[in-house]
Structures are given as C-alpha cells and as structure tokens.
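One-letter residues, chain by chain:
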Amino acid sequence: MANSNVNYKTLNEEHKIMTEGHDYEAANEAEDTPRSSGVLLHTVPEINRARWNHIEDLDSFFTRMYQYHQKHGFVIIVLEEFFQLIEFAFVIWLVTFSVHCINHDILFGNERPADNRTKITIDDVIIPMDKCVDNFTGITYVILFVATLYLLIRTIKVLYHITQYWDIKKFYNTALHIDDANLDNITWHEIKKKVREVQAEQHMCIDKDHLTDLDIYHRILRFKNYLVALMNKNLLPVRFTLPVVGEVVTLSRGLLFNIDLILFRSPGSPFQNNWQLHDDYSVRGNQRELANRLSKLILWVAIANFIFAPVIFVWQLVYFSFTYANVLKKEPGALGMRTWSNYGRLYLRHFNELDHELDARLNRAYDYADRYLNSFSSPLLAVIARNILFITGGMLLLILAMGIYDEYVFQVEHVLTIITLLSAVGLICRNLIPNENLIWCPEQLMTAILAHVHYLPATWKNQAHTSVVRNEFGNFFQFKASYFINEILSPIVTPFQLLFVFRPKALEIVKFFRSFTVSVRGVGNVCSFAQMDVRKHGNPEWQIGESSLHADIPSGEKLETAGNNGKTELSLLRFTLTNPEWQMPVEAMQFVNGVRQNALTDLSKLKKKEFTLNPLTESLISFGTIGNEYSSIAKSLLHHHNVPNEEGRGTCQNQNHCQCYFEQMLQQGLGEHSRVHDNMGMSHVMRRDENAKILGASKMEGSMQGPSQSLICSLYGPQSNCYDKPNDLTVADMCLSVLYLHEVHHRITQESPLIPPHTGEFHQHAEVTVTRPGTSTDTIVTTTSASAAAAETTPLLGLRS
C-alpha cells in the first residue's frame, strides 16, 4: 500500500548503523569544534535528512507543493487567505449596515431632517450605533451568529493552512534549494526533477525508491482524473431536458463541489481516504447495495442543498455583485465577452493535466474560438437589433441633451436607471449586429481551435459552418453573462440536477469505480484511464497498427474499455511531450513510435511524387493555416525533403501538384498578424500564437528546452536538429500531432465500416477469470495487461465472494 505503517524504531536504528559505519567522524561533526591555523571554526549542524522521510499523505503534500509554486510563494498565499476572511467579514458588515444603520426615508427624500433643512448630510442618513443595534431583528442575530461561527471556523482553517504552507516553504528552501523570489523563474518541470532527487535521498514515499513524473501527477490529480473519465463516459449530470427550453448543458462550480463531495470526500463516498477505495468495492455481488448507498447519499446531499439554497443564492448574488460591480461600471461590454465554461474545461482536459497546462492550451485557442462564434449571426435578430438600437439611441440622446441643457434632469427620479437600461440594451443589440467586413472561414477557425484544445467530436469535421456545431461549441465557450447567471442560479438548479440526473446513474457510477480502478504501488488506487494504457483503454479507431496492441482483447470489449474521442491516445502524446524523462511502458512507446513512423511513411510518398491527400498532407495544410510560424514549419518541411515546385516554376501548371496545392492553401492561412476590419473601415493587427513564455516560466508546459523527441523533429530527420524550430516546440508539435491523429481517425472510420460507432455510454465489462500467484482464482471485472505490469500497477478489484 502507498501509506503503510512503518516500524519507526527499526528505521532509526538502521539509519544510525549506516551513519556510524560509513562516516563516524561526520556523524559527530556537530559536537566537535575543530581548529585550523589558530582560527576557531564553527560548523553548522546538517539539516535533519529524516524530516521529509515517509510523508503520510503525499497527495496533500504534492498538491500544496504545486499550489505553492503556482501561487508565487508563502507571502502571496498568506495574503490571499487573510483577504478572503476580510472579504467575507466586509460583506456581512456592509449588508447589515445598509439594512439597519441607514435612514432610508431621509436618504431617498421621503422625509426631511429633524430641523427641516433642505441639505442632507451623511450624519442625517447614518443611524448612531446604539440605535442601529436596537433595529436588529431575530433573523439578523441568527445571521450574525452563523456568520461569526463560520468566520471563526474559517479562521482556524486558514491558520492551519498557513502552518502547512510554512512547511512547504521549508521544503522548497531547504530540500529543493529554491527561494520564493525565484519561483516565477523556475518551471514546474524543473521542480518535479528536484523532487525526484529528494525522493532518492530522503524517501518521502517509503514504498518506492524512485518516483516517476506519472506518480506525482497521479497524487495531485487523483480525483480530477476520475472526473475527466466520468465526463468522457457521459456519467456526469451536465445534460438535462426542460419542458419548454429543451436540452440544457450546464456544469456550475456548485455542482462540481457537490459531486466532489459525494464521490470523494464525504463519509459515505466510494473513497475512504485520499488514496484508497472502500473495501466494499472489492467484494463481488454487492453492487446493488453500493448503488443504493450512493443513491441515499446523493439524496441527502440534494436535501441539504434544498435547505441552504436561499442562503447560498443570496450569498452568490451579493458576492458576484461585489466582485464585478466595478468591472461592469467601467467596461459594460465585459458581459458580452466569452469564457470557457466549466463543462468545456472538464471535457477538453487531458488525463494527468495540471491547471496551468490546461489554462495555457485554452488561452491559445481563445481568440480563434471567439472569432469563430462571432462569425455567426441571425439575419432576423440583426434586423430587430438595428431597429431597437435606433430607438434606444434616440431616447438616450434626448435624455443626455436635456441633461446638458439643465443638469437638474439627472436628479429626476429613475433617470439614471433609465440611462443604464438603455445603455445595456444598446450594448446587447450591438453584439447581435454582425460585422460586415469579417471574412467567413469557419472551417479554418475550427481547425485552429482543434489544434489547441485537442478534443472536438469527430462528427464536426467539415460541419463547422452549421448551426448545430455552432450551438454545441457554444456550450464549451459561453458568454460571461451566461456564466454569471449559471453560477448565481446554481443553488436553485443543483438540487434538481443531483436528484433527477445524477441519482439515477448511481449504479453506473458504482460499476465505473469497480471496473476502472487499479492499484499502483507507491501511489494507491487511481483511475485506470489515468495510466494512459493504449492497449487497455486505447480506441482502435484512433490507433495506427492497432491489431498489435489489441490482439488479445475481445472486439466488443475494445470500445467499452476505450476512451472516447481519442482521450487516451492524445493524453499519452501530450504527457510524453511535457515530461520527456518519463519512461514509457512498452505499448506506449510502440504507439508513439508508430505515429511518427506512419507520418514518415506518408512523407516519403511526397518525396516519390506519389501525391495524395494522406493524413500527413492534410495535417500539414491545416497546421500551416494556424499562423505564420506554423506555416513556415510546414513549408520548410517540404523543402527539406525536396518537394519543390516542378522544374522550379513559380506558378502552378498542374493543380494536382502537391507543392502548388500547399502554396495555395497556406496562402489562405489565418496568419499570425491577420488584419480584421471593424465597422468604421479602420484596420488593426490581431496578434496570434503569442509565445507561452511571456506568461513566465512557472506557467510553461514542459521543459524549457522542449521535448527530446517530437513528431516535427522526426519529420525533419535525425541529422536535422529541427530546422526552423519554433519558439515552443512542445506546443507546435502537439498541435501537429493532434491534427495528424484526427486525420488518421477520420481515415480509419471511413475505411473500416466494420467498426461500430461508439455511443460513449458506459457498459459493464465482461468478467475475466485471472489466477494470481499464491492465491485462489478470482473473478474480476477489470482486465490486466503487460503495460499495467510495466507501469507497476496491479488490478484493484480482485473481487471477493
């Protein structure tokens, strides 16, 4: 087990014997005061190396270590924690003060001060403290008592967190030799490397001598990987149908919090601690009982949400109002901007992908996604919006003109409210009116989006111009106004989602945990999908030479155990690029090398003038249209392999000639500095593909030097040293790999009609009988593989009858 009990006395005795046997003088160095040349030398005792030996909860330790790096050190974390306490106390004080300590009749002009003055002062409006307290009602005292109790508990929790982060600070400073001032200049990749070195010296995890990159990611993302897999298998309650509205897709932070509580952190959840499932999940034949238990837990959590819904709703409303009031005042158009939804972030997330890595990918795709959705418009709404904008503009102009003539107009009751509403309506109407100077290129924009987000349904290919795809993508990339409304209304909606959407899936969720959980030595129980085992969880539709990886797995089970939308394959490719030192299992290495070898085969056809639109040529065309830097890579690859225009001619004599075709297609690229004209006829430069390094080294994906092996370098050849190497080879190579794998998948699904389409629904695995060494024959629901053994995994569910 990952956290087994240890005989500390025995460990200390062994450590003492080793110290005395190897270096007796060094062990007593702290007690002696040596002299040299008459000068008194004081030696500093060596830091206790056993301090980081056998950390009991490595999940929490590594998570705090990651957060410490991403949040810029101890001082920033302490300030954030205390400011959150201050914000909560301020909100409670401000609401109480505004309700009970302000004379609203005088403030709103319903009555005059006691001396009948016409000029009202602040002292007239504010009620003295003693009289203010007399205005408190029983409900006010209850709210203040609950708020004070919550603030006290939260303060204790903050102090506890500070002590934990102080320990992390000591770990960074003493064990990793990294000061807080240098955190922003060090990548997460470098920190992982130092952590592995510390593990070899001090054995933070006593079950393994050496930690791998995957071990660290498993501990930080253990529960997040389960959520990604549940989303991939369509087991999360994100879709439901309303009577009039139709199908709705939403995943609020409140719902995510409740799902996390139900599945991982409550007393009745499947997990009994941070690293282990309950023993009941290893017993065969009790899944109905477990499903009933989980169903009751969901019911009680939903009831608790119903009870506290009014309080949480008011808090959400006040919190969002206070947080975004100043932003909306200065930039009302912020509500018309878009953001990645919680549903989109979880759907698009790789297995074993940290928050900063996900943010970097989605930020690179943001501009393309915004341009794609803005390129759609409704002629009917545009006509209506123009006329409403004309009317509201005239009314607003009239009020402003009268106010300029006599400022007393602005003191008329509700005039400012009318101005605000007219401005808001005008803003909405302007967003509904399309820009007539924009170029219509939805397929190219969708290709650029796919290159960065990596996961989009295969059925969207060549359908980016349709309203169906547009609406579905809008669920990933929603207006900020919609995001705010979803979060504010989540206390009301969440109980219904838990009861009527999530609760009926209790049995499927139990089957999922029983079937897709493995035990990893030195780590504990993890989601088997997070092992990125392309043999066990790979999809034949997404693999090259898949027969060698799936030969011994029944055809019906391949799709049931496979990740949807190439989740396993693409996660593996990304992880190998961002963690180049990771030693892959044999099957993983076979898959990665197979992708590169197949790409080289496609490229060799171009060198032999056997031009066809194979997956590589399609991918290079799509890759080259993302930006100028990527376009130069695609062109240099062709020139490097001697695929020039026939006889050096600069014009296309044959439209089927590959280089002419490439040149024409690449000229239509989106461009790194594409020019887009606004409605006034002026143009501005829109920058594309900004280097990720401008965000700081702490936010960078992978190593500063880039991956040691990549698809782009493989295409250039072993002696090329990657000509025209981009600023961030990791990003560029992943973009090309994603486009290439999607093209391969498209060809396989077209040429292999025998492979049935996978609906994405979860089905129980067929039972497989396995005999373990030294034990009786057990019937288990999950299958074993050679790659699992290579990754030091063992099946968790050897079910006991």
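Just so it is clear, the structure is predicted and the values come from calculations on it, not from any experiment.

So, how was this worked out
- Residues numbered from 1 in each chain as written.
- Predicted model: local features only at pLDDT ≥ 70, side-chain atom pairs only at ≥ 80, totals over all residues.
- Heavy atoms only, no water.
- Helix = DSSP H or I, 4+ residues; strand = E, 2+ residues; numbered from the N terminus.
- Buried < 20%, exposed > 50% of the residue type's maximum accessible area, 1.4 Å probe, protein only.
- Contact = heavy atoms within 4.5 Å.
- Areas by Shrake-Rupley, 256 points an atom, 1.4 Å probe, with all protein chains shown as cover.
- Axes fitted to C-alpha atoms, helices over the stretch in contact; angles between N-to-C directions.
- Parallel < 35°, antiparallel > 145°, perpendicular 65-115°, else oblique.
- Left-handed = near helix turned anticlockwise from the far one by under 90°.
- Nonpolar A, V, L, I, M, F, W, Y, C, P; charged D, E, K, R; others polar.
- 1 Å grid on protein atoms, 1.4 Å probe; cavity = no way out; pocket = protein on both sides within 12 Å on 5 of 7 lines; lining within 4 Å.
- Points joined across faces, edges and corners; volume = space filled by probe spheres on them.
- Disulfide = S-S within 2.5 Å.
- Core = buried A, V, L, I, M, F, W, Y, C linked by side-chain atoms within 4.5 Å.
- Salt bridge = Lys/Arg side-chain N within 4 Å of Asp/Glu carboxyl O.
- Pairing = 2+ DSSP bridges.
- pLDDT = per-residue confidence, 0-100.
- Patch = residues over 30% accessible without salt bridge, like charges linked within 9 Å, V, L, I, M, F, W, Y side chains within 5 Å.
- Expected span 1.5 Å × (residues − 1).
- Bend = angle between axes of the 7 residues up to and from the residue.
- Phe/Tyr/Trp six-rings, centres within 6.5 Å; stacked < 30°, edge-to-face > 60°.

Structural notes on the overall build of the chain
Item 1. For the chain, the helix and strand inventory stands at 30 helices and 13 strands.
Item 2. The burial tally for the chain puts 46% of its 801 residues in the buried class.
Item 3. Sequence separation of 24 or more characterises 73% of the internal contacts of the chain that already satisfy a separation of 6 or more.
Item 4. As presented, the chain carries roughly 41,000 Å² of accessible surface, and 58% of it is formed by carbon and sulfur atoms.

Observations concerning the packing of helix α11 (residues 222–232) against helix α12 (residues 253–265)
Item 1. Viewed as axis vectors pointing N to C, α11 and α12 meet at an angle of 115°, and their least axial separation amounts to 11 Å. The angle between α11 and α12 places the two elements in the roughly perpendicular class. Once α11 is placed against α12, the crossing between them reads as right-handed. Residues F223, Y226, L227 and L230 of α11 touch α12, and the partners they reach there are I259, D260, L263, F264 and R265.
Item 2. Of the residues in the contact of α11 with α12, the class split is seven nonpolar, no polar and two charged.

Here we look at empty space enclosed by the protein
Item 1. Applying the stated criterion across every chain yields a total of five cavities of 30 Å³ or more.
Item 2. Lining the largest cavity are 13 residues, and of these R364, E701, T730, V731 and M734 sit closest to its centre.
Item 3. At the level of secondary structure, the elements contributing two or more residues to the lining of the largest cavity comprise α15 (355–374), α18 (442–453), α23 (567–578) and α29 (729–751).
Item 4. By residue number, the principal contributor to the lining of the largest cavity is α29, which donates four residues.
Item 5. In terms of residue class, the lining of the largest cavity is built from five nonpolar, four polar and four charged.

Let's talk about unusual backbone geometry
Note on backbone geometry: most residues besides glycine have negative phi, and most peptide bonds are trans.
Item 1. Unusually for a residue other than glycine, H203 sits at a positive phi of about 55°.
Item 2. Residue H203 is classed as partly exposed on the basis of its relative accessible area of 28%.
Item 3. Backbone geometry at N565 places phi at a positive 60°, although glycine is not the residue there.
Item 4. As for its placement among the helices and strands, N565 is situated in the loop between α22 (555–561) and α23.

Points about the side chain of H350
Item 1. In this fold, H350 is placed in the loop between α14 (342–347) and α15.
Item 2. In this structure H350 touches V228, R361, H454, Y455, L570, S571 and R574, once residues within four positions along its chain are discounted.

Points about the state of the cysteines
Item 1. This structure, assessed with the given rule, holds one disulfide.
Item 2. Here C101 connects covalently by a disulfide to C132, the sulfurs 1.7 Å from one another. Between C101 and C132, the S-S dihedral sits near -50°, and the bridge is therefore left-handed. With C101 in the loop between α4 (74–100) and α5 (104–107) and C132 in helix α7 (residues 129–134), the pair connects residues that are 31 residues apart, well separated along the chain.

Considerations on the nonpolar core
The nonpolar side chains of soluble globular proteins are, as a tendency, buried together.
Item 1. Core analysis: the largest hydrophobic core is formed by 148 residues, its most contacted members being M204 and F473.
Item 2. Here the element with the most residues in this core is α29; it accounts for twelve residues.
Item 3. With residues up to four places along the chain from it excluded, the contact list for M204 reads W52, H54, I55, L58, F61, F62, F171, V195, V198, Q199 and L211.
Item 4. Within the second largest apolar cluster, five residues are counted, among which are L396, I399, V415 and I419.

Remarks on the pattern of salt bridges
Item 1. Applying the stated rule across the entire model yields 18 salt bridges.
Item 2. Note that R293 is salt-bridged to D280, the shortest N-O span being 3.1 Å. Taken together, the residues R293 in helix α13 (residues 287–330) and D280 in the loop between α12 and α13 connect sequence positions 13 residues apart.
Item 3. The class for R293 is partly exposed, based on a relative accessible area of 34%.

Points about the pairing of strand β4 (residues 246–249)
Item 1. Here strand β3 (residues 239–242) pairs with β4 via four bridges, running antiparallel. Bridge pairing links F240 to V248 in β4.
Item 2. In this structure, the hairpin formed by β3 and β4 is closed by a connection of three residues.

A closer look at the confidence of the model for the chain
Item 1. Scored by pLDDT, the chain has a mean of 77; 75% of the residues are at 70 or more.
Item 2. Counting contacts from residues 1–49, a segment whose pLDDT is below 50, to residues more than four positions away or on other chains yields 35 contacts.
Item 3. Note on residues 671–693: pLDDT is under 50 here. Beyond four places in sequence and across chains, it has 57 contacts.

Let's talk about the environment of A464
Item 1. Within the secondary structure layout, A464 lies in the loop between α18 and α19 (467–476).
Item 2. Here A464 falls in the buried class, since its relative accessible area comes to 0%.
Item 3. Placed 92 residues apart in sequence, A464 and Y372 show a C-alpha to C-alpha distance of 9.0 Å.

Here's the deal with a nonpolar patch on the surface
Item 1. There is a patch of nonpolar side chains on the surface, built from W300, I303, F306, I307, F308, V311, I312, I485, L489, I492, F496 and F500 and spanning about 1,200 Å² of accessible area.
Item 2. Put simply, the parts of the chain that give the nonpolar patch at least two residues each are α13 and α20 (480–502).
Item 3. Mapped onto the fold, F496 is located in helix α20.
Item 4. Looking at F496, the relative accessible area reads 42%, which means it is partly exposed.

Observations regarding α15
Item 1. In this model, α15 (20 residues) spans 27 Å end to end at C-alpha, consistent with the 28 Å of a helix rising 1.5 Å per residue.
Item 2. Along its length, α15 reaches its greatest deviation from straightness, about 40°, at Y366.
Item 3. Of all 20 residues making up α15, 14 are buried, and the element is well covered by its neighbours.

Let's talk about the packing of aromatic side chains
Item 1. Summed over the entire model, instances satisfying the criterion amount to 44 aromatic pairs.
Item 2. Ring centres of Y343 and Y347 lie 6.0 Å apart, and the angle between their planes is 45°; this geometry places the pair in the tilted category. Taken together, the residues span about one helical turn, with Y343 and Y347 both in helix α14 at a distance of four residues.
Item 3. An aromatic cluster is built from W340, Y343, Y347, Y366, Y372, F376, W460, F473, F476 and F477, whose rings are joined through pairwise contacts.

A few points about the pairing of strand β7 (residues 517–520)
Item 1. Neither face of β7 is left uncovered, since the one carrying T517 and S519 and the one carrying V518 and V520 both have all their residues buried.
Item 2. Taking the residues between adjacent antiparallel strands as the criterion, β7 and strand β8 (residues 524–527) are bridged by three residues, where G522 takes a positive phi near 85°.

Focus: the packing of α15 against α18
Item 1. Between α15 and α18, the least distance of the axes is 8 Å, while the angle of their chain directions is 165°. Accordingly, the angle class assigned to the pair α15 and α18 is roughly antiparallel. The element α15 and its partner α18 pack so that their crossing is left-handed. Contact with α15, carried on its side by R361, L362, R364, A365, Y368, A369, R371 and Y372, involves P442, L445, M446, A448, I449, H452 and V453 of α18 and no other residues of that element.
Item 2. Among the residues forming the contact of α15 with α18, the class breakdown is eleven nonpolar, one polar and three charged.

Considerations on the side chain of T730
Item 1. Here T730 shows up in helix α29.
Item 2. A relative accessible area of 4% means that T730 is categorised as buried.
Item 3. Excluding its chain neighbours within four sequence positions, the residues that come into contact with T730 are L577, T578, E701, G706 and P707.

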